[in-house]
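# A look at the structure
Spelled out from the first residue to the last, the chains are:
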Amino acid sequence: MSNLKKTIVATLMLGLVIMAGFAYFVYTNIFVPNTSFENKKAHVYISTDANFNDVLEELSPLIKDLESFNTVANKKGYPSNIKAGHFIINKGMNNNEIVNAIRNGNIPVIVKFNNQERIENLAGSLANQLDADSLSFLKAMQNELFLKKYNLTKETALCNFIPNSYEVYWNVSPENFNNKMYEESNKFWNDDRIEKAKNIDLTKAQVISLAAIVQKETAKIDERAKVAGVYINRIKVGMLLQADPTVIYSKKLLDNDFNQQIKRVLYKDLKLDSPYNTYKYAGIPPGPITMPDISSIDAVLNYEHHNYYYFVADITNFGYHNFAKNLSQHNRNKKEYVRWISKPVSYTHLTLPTTPYV
């Protein structure tokens, strides 16, 4: 065989080896499955300010060969085009599919919140479910432009958030989240609810603030419309609401300590100088003392029509209350409650009511 032929054959053989090597490289780096988890899918969360190293750290428990993924991601230009969001990687995906999934597949998450005592608590709850931190949410919720835009105050800001489950993008900005919640609030306040609020001469914020009191007074959903009826009756005749939960909230607010546990309202607490103290100031407080759920809001809008003005904890049906039409009847019910609670018996297994003064 001539030297020329030998050179041509050698070149062809080298070309085949190179092609085979390249094919092997492409196959092993791009087309071979590269997931290490056993479930059908895995969730990946990439923050707004994440860099490529952050992404690799997030993916490291989910991928067998991080080096091959790194190679493919760089070949596809992913490190310079990182997208924030919530993504799903399916079991058995190869590197090419993984890169495509975390670049183009931002999937919404379900956010849930209810019964938050203050806007600060809501901000913390959202931060545990979404990308932004609690301070960012709080600043957005207390932003003067936001409050003015939606006719809210710092006291009524919580009214913009109707407790429910919502589908949003994990990396949604706090500002856009607020706007979405306003849209959802408008959906909640349909024509029927707006008309019912007008019929009792209350604004949306007042309905929610009163619903917050109702919710604090009774955990029994089937009793809330009856409790709401008591407060509506008091409002109609110009009585003070005299709701113990507002006293508890006032004390926490004045003490700047919302972690304290207050099981009994003391007579001296009834004199606390706070606009939320309904023993001292007439009308509905300037804002909700908690985030009432939808059942409490609807209980106010669909309050039970009756002639009761007072109620006290029922010692024979725990969680419920005895209602009275006049003060003498109420005092008898209250006396029975006080006598019961003063008995030298261990009630540690019971949840005692906190409303002996209502």
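Residues numbered from 1 in each chain as written. Predicted model: local features only at pLDDT ≥ 70, side-chain atom pairs only at ≥ 80, totals over all residues. Heavy atoms only, no water.

## Notes on the overall build of the protein
We apply this condition: Only DSSP runs of H or I reaching four residues or more are called helices, and only runs of E reaching two or more are called strands; each is numbered from the N terminus. The rule is simple: take the accessible area with a 1.4 Å probe, protein chains only, and divide by the maximum for that residue type; under 20% is buried, over 50% is exposed, in between is partly exposed. Here a residue-residue contact requires only that any non-hydrogen atoms of the pair lie within 4.5 Å. With residues, only the protein chains shown are counted as cover, and all accessible areas are computed by Shrake-Rupley using a 1.4 Å probe.
Regarding its fold elements, the protein presents 14 helices and six strands. Here the protein holds 358 residues, and 44% of them are scored as buried. Sequence-distant contacts, at least 24 apart, represent 65% of the contacts inside the protein between residues at least 6 apart. For the protein, the accessible surface area stands at approximately 19400 Å², while carbon and sulfur atoms represent 51% of it.

## Some thoughts on the packing of helix H11 (residues 224-237) against helix H13 (residues 294-301)
Packed helices, taken two at a time, are described by their axes: the angle between them and the distance between them. The condition that has to hold: Helix axes are fitted only over the stretch in contact, all axes being lines through C-alpha atoms; the angle between N-to-C directions runs from 0 to 180 degrees. Working rule for angles: under 35 degrees goes down as roughly parallel, over 145 as roughly antiparallel, 65 to 115 as roughly perpendicular, anything else as oblique. Working rule for handedness: look at the near helix, and if it is turned counterclockwise from the far one by less than a right angle, call the crossing left-handed; if clockwise, right-handed. Under the convention adopted here, Pro, Cys and the residues Ala, Val, Leu, Ile, Met, Phe, Trp and Tyr are nonpolar, Asp, Glu, Lys and Arg are charged, and Gly plus all remaining residues are polar.
Axis separation between H11 and H13 bottoms out at 8 Å; the angle between their running directions is 50°. Judged on the interaxial angle alone, H13 and H11 are oblique. Judged by the sense of rotation from one axis to the other, the crossing of H11 with H13 is right-handed. The residues of H13 that touch H11, namely those facing Arg224, Ala225 and Ala228, are Ser295, Ser296, Ala299 and Val300. Split by residue class, the contact of H11 with H13 holds four nonpolar, two polar and one charged.

## Description of the layout of surface pockets
A probe matching the size of a water molecule, rolled over the atoms, marks out where space remains unfilled. Quick note on the threshold: With a 1 Å grid spanning the protein atoms alone, the term cavity applies to any set of points in which a 1.4 Å probe fits but cannot get out, the term pocket to an open set with protein on both sides within 12 Å along at least five of seven lines, and the term lining residue to any residue with an atom within 4 Å of a point. Grid points are joined across faces, edges and corners, and a volume is the space filled by probe spheres set on the points.
Reported here for the second largest pocket is a volume of approximately 340 Å³. In terms of lining residues, the second largest pocket is bounded by 14 residues, among which Tyr150, Asn151, Leu152, Lys204 and Ala205 are the most central. Among the secondary structure elements, those contributing two or more residues to the lining of the second largest pocket are helix H8 (174-188) and helix H10 (204-217). The greatest single-element share of the lining of the second largest pocket, amounting to three residues, is contributed by H8. For the lining of the second largest pocket, the residue count by class is six nonpolar, six polar and two charged.

## Things to note about the pattern of salt bridges
Heads up, the rule is: Salt bridges are defined as contacts in which a side-chain nitrogen from Lys or Arg sits within 4 Å of a carboxyl oxygen from Asp or Glu.
Counted according to the given criterion, the structure contains nine salt bridges. Measuring nitrogen to oxygen at the nearest pair gives 2.9 Å for the salt bridge that ties Asp298 to Arg193. Taken together, the residues Asp298 in helix H13 and Arg193 in helix H9 (residues 191-199) connect sequence positions 105 residues apart. Given the relative accessible area of 16%, Arg193 is considered buried. Here Asp293 makes a salt bridge to Arg224, at a shortest N to O gap of 3.2 Å. Taken together, the residues Asp293 in the loop between helix H12 (244-255) and H13 and Arg224 in helix H11 connect sequence positions 69 residues apart. Residue classification places Asp293 among the buried residues on the basis of a relative accessible area of 18%. Linked through salt bridges whose partners overlap, the residues forming this network are Lys180, Glu184 and Lys187.

## Digging into the packing of aromatic side chains
Two aromatic rings are characterised by how far apart their centres lie and by the angle between their planes. Here is the rule: Here is the rule: rings of Phe, Tyr and Trp (six-membered ring for Trp) pair when centre to centre is within 6.5 Å. Planes less than 30 degrees apart are stacked, more than 60 are edge-to-face, and the remainder are tilted. Only when the NZ of Lys or the CZ of Arg is both within 6 Å of the ring centre and within 35 degrees of the ring normal is a charge said to sit over the ring.
For the coordinates displayed, the defined rule picks out 16 aromatic pairs. Between Tyr308 and Phe323, the ring centres sit 5.7 Å apart and the planes meet at 45°, which makes this aromatic pair tilted. Taken together, the residues span a long stretch of sequence, with Tyr308 in the loop between H13 and strand E5 (310-313) and Phe323 in strand E6 (residues 321-324) at a distance of 15 residues. Taking the centre distance of 5.6 Å and the plane angle of 35° together, the rings of Phe311 and Phe323 count as tilted. Of the two residues, Phe311 sits in strand E5 while Phe323 sits in strand E6, which places them twelve residues apart along the sequence. Taken as a pair, Phe311 and Phe323 share a single burial class, namely buried. Between the NZ or CZ atom of Arg118 and the centre of the ring of Phe258, over which it lies, the distance is 4.0 Å. When the ring centre of Phe188 is taken as reference, the NZ or CZ atom of Arg193 above it lies at 3.9 Å.

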